[in-house]
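A structural walkthrough
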Amino acid sequence: MTEQAPIVIVGTGLAGYSLAREMRKLDKEQPIIMVTADDGVSYSKPMLSTGFTKGKDANGLAQASTDTMAEQLNIELRTFATVTGIDTEAKALLLGEERLEYSKLVLAWGADVIRLSIDGDGFEHVFSINDLLDYRAFRKALAGGKRVAIMGAGLIGCEFANDLRNGGYEVDVIAPSDVVMPGLLPEPAAAAVQHELENLGARFHLETVVERIDRAEQGVTLTLANGEYVHADLVISAVGLRPRTELARAAGIETGRGITVNRALETSAQDVYALGDCAEVDGHVLLYVLPLMACARALAKTLIGERTEVKYGTMPVMIKTPCCPTAVCPPAPEADGEWHVEAEGSDVKALFLSPEGKVLGFAVTGRFAMEKQALSKEVPPLHQ
């Protein structure tokens, strides 16, 4: 039976649709079924933090309808379908009572937002924005409001802060770190981004956390651990993502921080692969677009019959804070070296140099951001 079974892709986000597109470049007829828990509308997740800047609501950020994607890619799409299990022995995906047989299975179902447990009765005003449906609900709830509090000062928190200020909203950012984007940017670059966001009107409450969120006459009141109070109409929780691993683990598939795969994106189960935010590829969980696209191109070849290991080039991360253009290529965790910084106001050029003077990573802000492509050519790729 499974000789004629389709290739099944779970997830219609950037990972799932990118893989389907790459496969269709190589094989127009291979039967493909895509399964998604949401409506299957095509959109680019990184664009969710640019809606106000671009003057687009949720409908404006949508790129193609489900019917259009099914026709364009010559695929069968199952929307609002919840995966309840994987039978790796029988090569079947379980959708409640239904068993969907596969020849090969790709898990591209992304990551879940980390949800904080906070006291108070105001949680209906807290939104995590992880997909287009989330964004649609957030924009609907924001209608008529003017004040947004953001929990988290990482990449997503800072991007939303910039975007909301561009939309004319009051913004307060609360985070336990003493700098923005800790672990991604060196301190001088982080300070530059924060400074320009503050110049734009965003307010930062760092080195503290939200202890309570209580309903107020209008919106909510956030009680911070440092004794401050922040009033907001809505709250965005942007405290991080956790790769979805539970169903894979329950099926006996090896997991670590994500679903464990090698550089051919193969899991420990035969003919099961993982791609995108849910995958831990050769020890790396990389929640960014460039590694995802590299993986999609490699996996498409493997699924069509030419086993291919992913090769990452140098992959700078573009941070969408137009008030302070920023790009970063973090050094590998085990890299030996130190940061060397050139700065003039909010224009920062930070190079992570080896003892021999080789560039192993960089962070550039402001006018130095235009050097990102030249610098990328100097940084060794993660995978040769």
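Look a little higher up for the structure.
As the structure is a prediction and not an experimental result, all values here were calculated from the model.

Some details on the overall build of the protein chain
Counting secondary structure elements, the protein chain contains ten helices and 27 strands. For the protein chain, whose C-alpha radius of gyration is 22 Å, the value lies close to the compact-globule estimate of 21 Å for 384 residues. Of the contacts formed within the protein chain by residues at least 6 apart in sequence, a portion of 61% connects residues at least 24 apart. When the accessible area of the protein chain is evaluated, it comes to approximately 17,500 Å², of which 48% is carbon and sulfur surface. In the protein chain, 36 side chains carry a positive charge and 53 a negative one; their mean positions are 5 Å apart.

Notes on the sheet that holds strand S24 (residues 326-329)
As a general point, the strands of a sheet are linked pairwise by backbone hydrogen bonds and lie either parallel or antiparallel. Taken together, five strands build an open sheet; the order of strands is S23-S24-S27-S26-S25 and the sheet is antiparallel. The open sheet terminates on both sides in strands that have one partner only, identified here as strand S23 (317-319) and strand S25 (338-344). When the angles between neighbouring strand axes are averaged without regard to direction, this sheet yields 15°. Bridge count for S23 against S24 is three bridges, and the pairing is antiparallel. Across the sheet, the residue bridging to methionine 318 is alanine 327, located in S24. Packed onto the sheet, helix H7 (residues 187-200) meets S24, S25, strand S26 (347-353) and strand S27 (359-365) and runs at close to 20° relative to S27.

Quick look at H7
Counted at 1.5 Å a residue, the expected span for H7 with its 14 residues is 20 Å, and the 20 Å between its end C-alpha atoms agrees. Within H7, the full set of buried residues consists of Ala189, Ala190, Ala192, Val193, Gln194, Glu196 and Leu197. The first or second residue beyond H7 is glycine 201, which carries a positive phi of 115°.

Description of the pattern of salt bridges
What the rule picks out here adds up to 18 salt bridges. The shortest N-O distance in the salt bridge between arginine 307 and glutamate 266 comes to 3.0 Å. Separated by 41 residues along the polypeptide, arginine 307 in the loop between helix H9 (289-304) and S23 and glutamate 266 in the loop between strand S20 (259-261) and strand S21 (272-274) bring together distant segments of the chain. Look at arginine 307 and you get partly exposed, because its relative accessible area is 48%. Here arginine 367 and glutamate 344 are joined by a salt bridge, their closest N and O atoms 3.3 Å apart.

Considering helix H6 (residues 155-166)
Here H6 is twelve residues long and its end C-alpha atoms lie 17 Å apart, about the 16 Å a rise of 1.5 Å per residue gives. H6 sits mainly inside the fold: nine of its twelve residues count as buried. All buried positions along H6 are accounted for by Leu155, Gly157, Cys158, Glu159, Phe160, Ala161, Asn162, Asp163 and Leu164. Glycine 168 sits one or two positions beyond H6 and adopts a positive phi of about 90°.

Focus: the pairing of strand S18 (residues 234-237)
Residues Leu234 and Ile236 point to one face of S18 and Val235 and Ser237 to the other, with burial holding for every one of them. Direction of pairing for strand S11 (residues 126-127) relative to S18: parallel, over a ladder of two bridges. Within the sheet, the bridge partner assigned to phenylalanine 127 lies in S18 and is isoleucine 236.

Observations regarding the sheet that holds strand S7 (residues 92-95)
As summarised here, the arrangement of the three strands in space is S6-S7-S8, forming an open sheet in which the pairing is antiparallel. One side of each edge strand has no neighbouring strand; the edge strands of this open sheet are strand S6 (85-87) and strand S8 (98-101). The sheet shows a mean angle of 25° between the axes of neighbouring strands, taken without regard to direction. Pairing geometry for S7 and S8, over four bridges, is antiparallel. Following the sheet pairing, alanine 92 is matched in S8 by glutamate 101.

Considerations on the environment of alanine 248
Examined against the element boundaries, alanine 248 turns out to sit in helix H8 (residues 246-250). Note: C-alpha distance between alanine 248 and tryptophan 339 (91 residues apart in sequence) is 39 Å. In this structure alanine 248 touches Leu107, Trp109, Ile253, Thr255 and Ile259, once residues within four positions along its chain are discounted.

Definitions and limits used
- Residues numbered from 1 in each chain as written.
- Predicted model: local features only at pLDDT ≥ 70, side-chain atom pairs only at ≥ 80, totals over all residues.
- Heavy atoms only, no water.
- Helix = DSSP H or I, 4+ residues; strand = E, 2+ residues; numbered from the N terminus.
- Rg over C-alpha atoms; globule rule 2.2 N^0.38 Å.
- Contact = heavy atoms within 4.5 Å.
- Areas by Shrake-Rupley, 256 points an atom, 1.4 Å probe, with all protein chains shown as cover.
- Lys, Arg positive; Asp, Glu negative; His and termini not counted.
- Charge placed at Lys NZ, Arg CZ, Asp CG, Glu CD.
- Pairing = 2+ DSSP bridges.
- Axes fitted to C-alpha atoms, helices over the stretch in contact; angles between N-to-C directions.
- Expected span 1.5 Å × (residues − 1).
- Buried < 20%, exposed > 50% of the residue type's maximum accessible area, 1.4 Å probe, protein only.
- Salt bridge = Lys/Arg side-chain N within 4 Å of Asp/Glu carboxyl O.

Read these as layout, nothing more, since geometry by itself doesn't imply function.
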